[in-house]
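# Commentary on secondary and tertiary structure
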Amino acid sequence: MRALVISGGGSKGAFAGGVAQYLMEGQGREYDMFLGTSTGSLLVSHLAVNDIGKLYDVFTNVQQHDIFSISPFVQRKKGEREYVSIDFINSLWQFIRRKRTFGESKALKRHIKRNFTKKEYDRIRETKEDVVVTVSNLSMNRVEYKSINDYSYDEFCNWIWISCNYIPFMSLATVNGYEYADGGLGCVIPIREAILRGATEIDAVVLEAEQMERIKVLGKNPFSLMLNLFGHLLDQVEKNDIVIGKLAAKNKGVKLNLYYTPTSLTENSLIFSKRLMTKWWEQGYAYAMEKYEKESVSE
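Residues numbered from 1 in each chain as written. Predicted model: local features only at pLDDT ≥ 70, side-chain atom pairs only at ≥ 80, totals over all residues. Heavy atoms only, no water.

## Considering the overall build of the protein chain
To keep it simple, the criterion reads: A run of H or I in DSSP becomes a helix once it reaches four residues, and a run of E becomes a strand once it reaches two; helices and strands are each numbered from the N terminus. Here a residue-residue contact requires only that any non-hydrogen atoms of the pair lie within 4.5 Å. Surface exposure here means Shrake-Rupley accessible area, sampled with a 1.4 Å probe, where a residue is shielded only by the protein chains that are shown. Under this rule, positive means Lys or Arg and negative means Asp or Glu; His and the chain ends count for nothing. Where a charge lies is defined by one atom per residue type: Lys uses NZ, Arg uses CZ, Asp uses CG and Glu uses CD.
In terms of regular secondary structure, the protein chain is built from 11 helices and 10 strands. For the protein chain, restricting intrachain contacts to residue pairs at least 6 apart in sequence, the fraction spanning at least 24 positions comes to 77%. By element, 50% of the accessible surface of the protein chain is carried by carbon and sulfur atoms, the whole surface being about 14,300 Å². Charge centroids of the protein chain, computed over 39 positive and 36 negative side chains, lie 6 Å from each other.

If you want it as structure tokens, here you go:
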């Protein structure tokens, strides 16, 4: 049973879209299972339908207002460089309202339901073994994996949304008395879960460079420094996930193909720029093609 697994990574998910397009269209690979975390959850729900053209249009055109109903960030441009800074007014307003997060992402919830339809949900249930998204149950201090086979359309859309909620910058969600957030807080790339669910061959897209050794420019205020800190912690979680995944694959005799980004694409994956995401999609496609051709020659 073949599985496609995609890590978290915000706007960098465009790179994973390009890799998946080459694997599915260029190589004709068909997957029984799709597993994702955060932005990976958004991607796998569309890839399972095999409508890559629609996914490309939806993903590369997403903007800040499609994600945030109350944004804690202001997107700016200086020359060719795009970056975000903190919206102190919105953040202060959240404090006044006694909210526990700097921003709200209810717009993303609407965006998901607008672009992932009930018809597509039914089609996946009929034609695929499983689609799984990763969430973090903060109340119980554990990672949970939500299968499309266990939930209604509305419930599964809600789990996709929750998987993407990068707190404290996005919404904190409550389901059945438990509080949930971004799956990446506990598992950035669920390779081991794919193996536990019966995968015998896995293509895993890691939205980070294989060699993460680089000098980062730390934030100049507490908010941006917090973003850097969260990024550092998630990098460590991701490394751990990959090591565990490799060991599980070796023990179970599972073929594991890892696809990393060739370089660090961005310091802030909460920047949603059509120009950048279109570029990253093309890079992902070219990278997967080059990797396949090199492996074919070596064999």
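## Notes on the pattern of salt bridges
Selection criterion: Between Lys or Arg on one side and Asp or Glu on the other, a salt bridge is scored when a side-chain nitrogen of the former is within 4 Å of a carboxyl oxygen of the latter. The classification of residues rests on relative accessible area computed with a 1.4 Å probe and restricted to protein chains. Under 20% of the type maximum is buried, over 50% is exposed, and intermediate values are partly exposed.
For the structure shown, the criterion picks out 12 salt bridges. Of the charged contacts in the structure, one is a salt bridge between K118 and D122, with a shortest N-O distance of 3.0 Å. With K118 and D122 both in helix α7 (residues 118–127) and 4 residues apart, the pair spans about one turn of that helix. Given the relative accessible area of 42%, K118 is considered partly exposed.

## Section: unusual backbone geometry
Cis rather than trans, the peptide bond between I167 and P168 has omega equal to 10°. Mapped onto the elements, P168 comes out in the loop between α8 (153–163) and β7 (173–175). Of note, the phi angle at R98 is positive, near 60°, even though the residue is not glycine. In this model, N141 sits at a positive phi of 55°, which is unusual for a non-glycine residue. Within the secondary structure, N141 sits in the loop between β5 (130–137) and β6 (142–147).

## Topic: helix α10 (residues 222–252)
For the record, the criterion: A helix is expected to span 1.5 Å multiplied by its residue count minus one.
The end-to-end C-alpha distance of α10 is 45 Å, a good match for the 45 Å that 31 residues give at a rise of 1.5 Å each. Phi for G253, located one or two positions after α10, is positive at around 70°.

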